[in-house]
Structure formats: C-alpha cells, structure tokens
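Spelled out, the chains give:
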Amino acid sequence: MAMSLLPLLLVLLDAWLAFGDQAGSAHLDGAPPSKIAVVGAGIGGTATAHFLRQHFGPEVQVDVFEKGEVGGRLATVTVNHNDYESGGSIIHSLNLHMQEFVKQLGLKYRRSVAGKTAVFNGEEMILEETDWYLLDLFRLWWRYGISFIRLQMWVEEIMEKFMRIYKYQAHGYAFSSVEELLDSLGGSGFINMTRRPLSDSLLELGVSQRFIDEVIEPIMRVNYGQNVSIPAFVGAVSLAGAQNNLWSVEGGNKLVCSGLLKLANANLRQAQVSSVSPVYSGEVLQYQLSFITASGTGSDLYDIVVLATPLQDSVESGIKLQGFTPPFDQLPGNYHRTVATVVHGYLNTSFFGFPDPRLFPFASVLTTDTPDLFFNSVASVCPVNISAGFRRKQPQEAGIYKVFSPQPLNKTQLKTLFRSYYSVQVTEWQAYPRYGSSQGLPSVELHPNLYYLNGIEWAGSAMEMSSVAAKNIALLAYHRWNRQTDMVDQKDLMHRIKTEL
C-alpha cells in the first residue's frame, strides 16, 4: 500500500514545487523583471508604481494603465474658478505613507479653516458643537455618560496596533493575504472585526445605544454612506477619520497621485484594459494585457501585473481574466453608490430650525438614520487652494456646499436644502464596498505574479489603507520574484524585529 502511494506522492510534490516555482518562473536565470503593469491610477495604483520602482530599481519598465483621470476617486470639481474636493478629502495625521508622499513630492498641507458640526434628526439638532471644548465634553457626558471615553480608548487601541504595519514594512516584510496582514497586527481579534457588525462590538464595549444612534451612525453615514451594521474594523477606520487631527493637500489630494507617477518614472498609458491572460513560453510565465485606446486596440506582455481597480461587476471595470485554469469566478460583493452634489447657493437654515441664517453657526451637518431624510450630510466646503485672507462664507451669504446622498437630489430636495442656488454639480461614485454584500476578503495573489490591490477595501476603505496595500504588494511581488520566502507571512514579527535590532 505504501509503495502504491509513492508515485502519487511524487506527482503531488512535483505539482507543489511547480506552483511554488511559478512565482520565479519568468526569471529562471535570476534576472529582474523586464516590464511591470499596474492597472489603475488612483492612490492605490500610483503608490504601487512608486513602491515597485523603489524595490525593483531603475531598469524595470513600469506602465500604469488608466481609462479615466489620474487620481481615480481623488477628484475635484470647479466652481467659480475654484476647485473643490469631490472625492476623498481628509487624511489622518497618523497616515505615515501619505505624509511621506507629501514630503517627497514637495507638496504642502492645506491650511485648515475652523468650523463647527451638528447632528440633525430630521426635526431638530440633537447634538451641537460649540466654541468651548470643556462645554462640549460636559454635554457629551450629560447625554451619553462615558460612552465617548470608551469609544476613544477603543479606537486608540486599534490605531496603536495598526501602526505596527509601518515597522513591518520598513523591515521589508510582506503578507500574501489581507487576513495574514490583519492577523500580524491584531491577531484573530482584527480578523473577527471584519466579520462582526460595528454595533455589536460597541454595545459589548459598553457604548450606549443612544450614542450609537446619535453619534456613530451619522459618522458612518457621512464617511461610508452606510449604517452601523458595517464590519467593526471598517467602522474603526471610519471613526479614526472623524477625529480632529486631519489634513489635506494644498491644490487637491489628487496631486499626490500625479506626483507619484512622476516620482516612479512610470509610463502613463491612457487606455481601458479589456483582458489579462497568462502566456507560457516553456516554463516562463508572462501576462498579456489587451487594451483599448482612443486610436484603437493593442496588447503587451508583462512579467508582473498589479490590478489596482475594483473587479466587482457593479463597478464595471471592463477587465476580463481570460485563459486561466481553473477559470476565475466573478468576485463577490458590490460597491456602494454615493452621490456628491456640490451646490453654489444659499443654505436653507430654516429647514434645520434656524429661520435667521445669521444665527446658524455650523459649517457641517450630519444626519441620523431617519427614513424621511434624503441626504447623509451637508457641509460648507473650502477650495483646495486657500489664500492667506480666506474666510468661510457665512450662512446668509452664497457659499459652496457639498451634499452626500444615496441618490441624486431632485429639484424639490434641492429647494428643501437651499433657499436658492446658482449651480449644481453632481458626481456619482462607486465609492466604497457595500459592506455585508460579500463574505470574506478577496485574495491578494490571484495567480503567480498577478496581484489584486483592492481587496484591502473590504477591511477598510481609505487613502492610507490603499497606500498600505500598495507597499505590501510591491514587497510581496519583489520577494516572490526573488524567492525570498522568509520575508512573507512571518509570525511574531514584533519579537522578530526586536531580535534583528
């Protein structure tokens, strides 16, 4: 019996070695890759190109394919000769990759303009920020007890653990899946947080239902357009983005993307990638990218390919993965539609209970999950270039407002929110995953030397999450290519790094 199993075991061993070697199959002579393709020029794709250049050196050709504008979901709209963020607009002070990008590119931090926030339940303001910090704290304590303290401690604990990723990446360690990455940072606790609703985690912490309904839910609505049933880890990322120590880039956050492309010395190819197919030449594996440009169709071969754009059906990426054995199943899940409406006009403060607009003190209004409310938030916004003498428009003046809503606003709704208006610009985004529409986290390694960046969004969607994923994929691609298995999916990294020091 043992002898009859030997041929089968040898076959299985050969198959395992073949798969393990495929990551290096394109460079049997130890040569570096000749050409790398990145599909998508948002923050994830451009950061990936930058990090790939860092690790693979100046000789490799890096092509970045983009069917639309560089920046992806980092975009602006123009109103009265000024540009305003219509996409991702805030960055946390602990987002170290984004900070480093801004420093390397010589960009500037945008000057912040103070403004107070309130929460509206459809009938009245139930929570109002004042000019006095201690008064705000007292009001929070009076209405919600110590829920806000428990929440703050929880978010800080998660952020402290998440910050380990920068140390791991600085030492060159990579992870083959989002689960491995999260496990290295927070163990099974982080992975469980991707499967458990935020509301359940907060209630278990001792956070009151009232605090969840009146504070947490409005934050989820403005950041993700969704409610507190989203996974707890996603919620923690969102809550970290609701703190005061936030910033943005002078001139627009999308400047980071265009700057990274130049820093990477990457070739921008304005084209729609239509398919990715494996091509074998003996034992050498490459990928053929077929694409469509304004002048026609074309194709090219690449040693490494990084897909930095969502592949779910609802996003309509137009990319087909063809010729793979076994064939790829369609990635599960959908992306959530968010509508950003930028209005130049006069806010109807009477709708919020302030008949005299001169007495309306708020720059932004969040909303609770109330059936009759047709919008998630409305906020007075500042241009991406702020002059020294700039001041925020008062509510009795015509200002620029950004409204987030699940559906485009009709004329009746616009007239409800605004007394009158001069212009309306609408941007519809497949902005974030629709959390809960998929079980599990998408793979990072789709096939040897074929990587998928946007799986990280299902753990948490933010500029820095995409940047962390970009660095991880660049490291992973480098280690796979050079067969450095000891730098991938290592356990107990904190201890390992300490011993290295």
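Residues numbered from 1 in each chain as written. Predicted model: local features only at pLDDT ≥ 70, side-chain atom pairs only at ≥ 80, totals over all residues. Heavy atoms only, no water.

Examining the overall build of the protein chain
Part 1 of the argument: Broken down by element type, the protein chain carries 14 helices and 21 strands.
Part 2 of the argument: Against the compact-globule benchmark of 23 Å for 501 residues, the protein chain has a radius of gyration of 24 Å, which places it among compact chains.
Part 3 of the argument: Over its C-alpha atoms, taken along the principal directions, the protein chain stretches across nearly 85 × 55 × 40 Å.
Part 4 of the argument: Within the protein chain, buried positions represent 52% of all 501 residues.
Part 5 of the argument: Taking all contacts inside the protein chain whose residues are at least 6 apart in sequence as the whole, residues at least 24 apart take part in 74%.
Part 6 of the argument: Put simply, the protein chain shows about 23100 Å² of open surface, and 53% of that area lies on carbon and sulfur atoms. (Helix = DSSP H or I, 4+ residues; strand = E, 2+ residues; numbered from the N terminus. Rg over C-alpha atoms; globule rule 2.2 N^0.38 Å. Buried < 20%, exposed > 50% of the residue type's maximum accessible area, 1.4 Å probe, protein only. Contact = heavy atoms within 4.5 Å. Areas by Shrake-Rupley, 256 points an atom, 1.4 Å probe, with all protein chains shown as cover.)

Some thoughts on the packing of helix H5 (residues 147-162) against helix H7 (residues 178-193)
For any two helices packed against each other, one specifies the crossing angle of their axes together with the interaxial distance.
Part 1 of the argument: Axis separation between H5 and H7 bottoms out at 10 Å; the angle between their running directions is 125°. Taken together, the axis directions place H5 and H7 in an arrangement best described as oblique. The handedness of the crossing between H5 and H7 is left-handed. Counted together, Trp154, Ile158, Lys161 and Phe162 of H5 and Leu185, Gly186, Phe190 and Met193 of H7 form the full contact between these two elements.
Part 2 of the argument: Each residue belonging to the contact of H5 with H7 can be placed in one class, and the counts come to 6 nonpolar, 1 polar and 1 charged. (Axes fitted to C-alpha atoms, helices over the stretch in contact; angles between N-to-C directions. Parallel < 35°, antiparallel > 145°, perpendicular 65-115°, else oblique. Left-handed = near helix turned anticlockwise from the far one by under 90°. Nonpolar A, V, L, I, M, F, W, Y, C, P; charged D, E, K, R; others polar.)

What to know about the nonpolar core
Generally speaking, a soluble globular protein has its nonpolar side chains buried in company with each other.
Part 1 of the argument: Formed by 98 residues in total, the largest nonpolar core has its most connected members in Ile43, Trp154, Leu182, Ile216 and Phe233.
Part 2 of the argument: Excluding residues within four positions of it along the chain, Phe233 makes contact with Ile158, Phe162, Leu182, Phe190, Met193, Thr194, Ala459 and Met465. (Core = buried A, V, L, I, M, F, W, Y, C linked by side-chain atoms within 4.5 Å.)

Topic: helix H13 (residues 463-481)
Part 1 of the argument: An ideal rise of 1.5 Å per residue puts 27 Å on 19 residues; H13 measures up with 27 Å between its terminal C-alpha atoms.
Part 2 of the argument: Most of H13 sits inside the fold, with 17 of its 19 residues counted as buried.
Part 3 of the argument: Remark: Arg483 follows H13 within two positions and exhibits a positive phi of approximately 55°. (Expected span 1.5 Å × (residues − 1).)

Overview of the pairing of strand E11 (residues 284-293)
Side-chain direction in a regular strand flips from residue to residue, so the side chains alternate between the two faces of the sheet.
Part 1 of the argument: Bridge analysis of strand E10 (residues 272-281) against E11 gives 9 bridges, and the strand direction is antiparallel. If you follow Ser275 over to E11, its bridge partner there is Ser290.
Part 2 of the argument: The hairpin turn running from E10 into E11, its antiparallel successor, is 2 residues long, and Gly282 in that turn takes a positive phi close to 65°.
Part 3 of the argument: If you look at the hairpin formed by E11 and strand E12 (residues 296-302), you'll find 2 residues sitting between the two strands. (Pairing = 2+ DSSP bridges.)

Brief notes about the packing of helix H8 (residues 198-205) against helix H9 (residues 209-224)
Part 1 of the argument: In contact at an axis separation of 11 Å, H8 and H9 are set at 140° when each is read in the N-to-C sense. Overall, the two elements H8 and H9 adopt an arrangement that is oblique. In the packing of H8 onto H9, the handedness of the crossing is right-handed. Residues Leu198, Ser199, Leu202 and Leu203 of H8 form the contact with H9, whose own contacting residues are Gln209, Ile212, Ile216 and Met220.
Part 2 of the argument: Among the residues making up the contact of H8 with H9, the classes are represented as 6 nonpolar, 2 polar and no charged.

Considerations on the pattern of salt bridges
Part 1 of the argument: Summed over the entire model, instances satisfying the criterion amount to 17 salt bridges.
Part 2 of the argument: One salt bridge connects Glu397 with Arg391, and the closest N-O pair in it is separated by 2.9 Å.
Part 3 of the argument: What makes Glu397 partly exposed here is its relative accessible area of 23%.
Part 4 of the argument: Counted as one network, the salt bridges with shared partners bring together Lys35, Asp63, Arg269 and Asp300. (Salt bridge = Lys/Arg side-chain N within 4 Å of Asp/Glu carboxyl O.)

Focus: the packing of aromatic side chains
Part 1 of the argument: For the structure shown, the criterion picks out 29 aromatic pairs.
Part 2 of the argument: Centre to centre, the rings of Phe65 and Tyr302 are 6.1 Å apart; their planes meet at 85°, and the pair counts as edge-to-face. Residue Phe65 is found in strand E2 (residues 61-66), and its partner Tyr302 is found in strand E12; the two are separated by 237 residues along the sequence.
Part 3 of the argument: What makes Phe65 buried here is its relative accessible area of 1%.
Part 4 of the argument: Residue Tyr302 is classed as buried on the basis of its relative accessible area, which comes to 0%.
Part 5 of the argument: Through successive ring pairs, a cluster of aromatic residues spans Phe120, Phe351, Phe352, Phe354, Phe360, Phe362, Phe374 and Phe375.
Part 6 of the argument: Directly above the aromatic system of Tyr302 lies the positively charged group of Lys35, at a separation of 4.7 Å from the ring centroid. (Phe/Tyr/Trp six-rings, centres within 6.5 Å; stacked < 30°, edge-to-face > 60°. Lys NZ or Arg CZ within 6 Å of the ring centre and 35° of its normal.)

Some remarks on the environment of Glu214
Part 1 of the argument: Residue position: Glu214 is located in helix H9.
Part 2 of the argument: Along the sequence, Glu214 and Tyr144 sit 70 residues apart, while their C-alpha atoms lie 9.7 Å from each other.
Part 3 of the argument: Non-local contacts of Glu214, meaning those with residues more than four positions away in its chain, are made with Val119, Ile126, Arg143, Tyr144 and Thr368.

Thoughts on the confidence of the model for the protein chain
Part 1 of the argument: With 93% of its residues at a pLDDT of 70 or more, the protein chain has an overall mean of 90.
Part 2 of the argument: In the predicted structure, residues 1-26 sits below a pLDDT of 50 and forms 20 contacts with residues beyond four places in sequence or in another chain. (pLDDT = per-residue confidence, 0-100.)

With respect to the pairing of strand E13 (residues 304-307)
Part 1 of the argument: On E13, burial covers both faces: Ile304 and Val306 on one face and Val305 and Leu307 on the other are all buried.
Part 2 of the argument: Relative to E13, strand E1 (residues 35-39) runs parallel, the two being bridged by 4 bridges. Looking at the pairing, Ile36 lines up with Ile304 of E13.
Part 3 of the argument: Inspection of the sheet shows E13 paired to strand E21 (residues 450-452) by 3 bridges, in the parallel sense. The residue bridging Val306 from the neighbouring strand is Tyr451, located in E21.

Quick word on the sheet that holds strand E14 (residues 320-321)
Part 1 of the argument: Here we have 4 strands laid out as an open sheet, ordered E12-E11-E10-E14, and mixed in their pairing. Of all strands in the sheet, those bounded by a partner on one side alone are E12 and E14.
Part 2 of the argument: Pairing between E10 and E14: 2 bridges, direction parallel. Paired with Ser275 across the bridge in E14 is Lys320.

Overview of the side chain of Ser380
Part 1 of the argument: Here Ser380 lies in strand E17 (residues 377-380).
Part 2 of the argument: Owing to a relative accessible area of 13%, Ser380 belongs among the buried residues under this scheme.
Part 3 of the argument: Ignoring anything within four residues of it in the chain, the contact list for Ser380 reads Ala363, Arg392, Ile400 and Tyr401.

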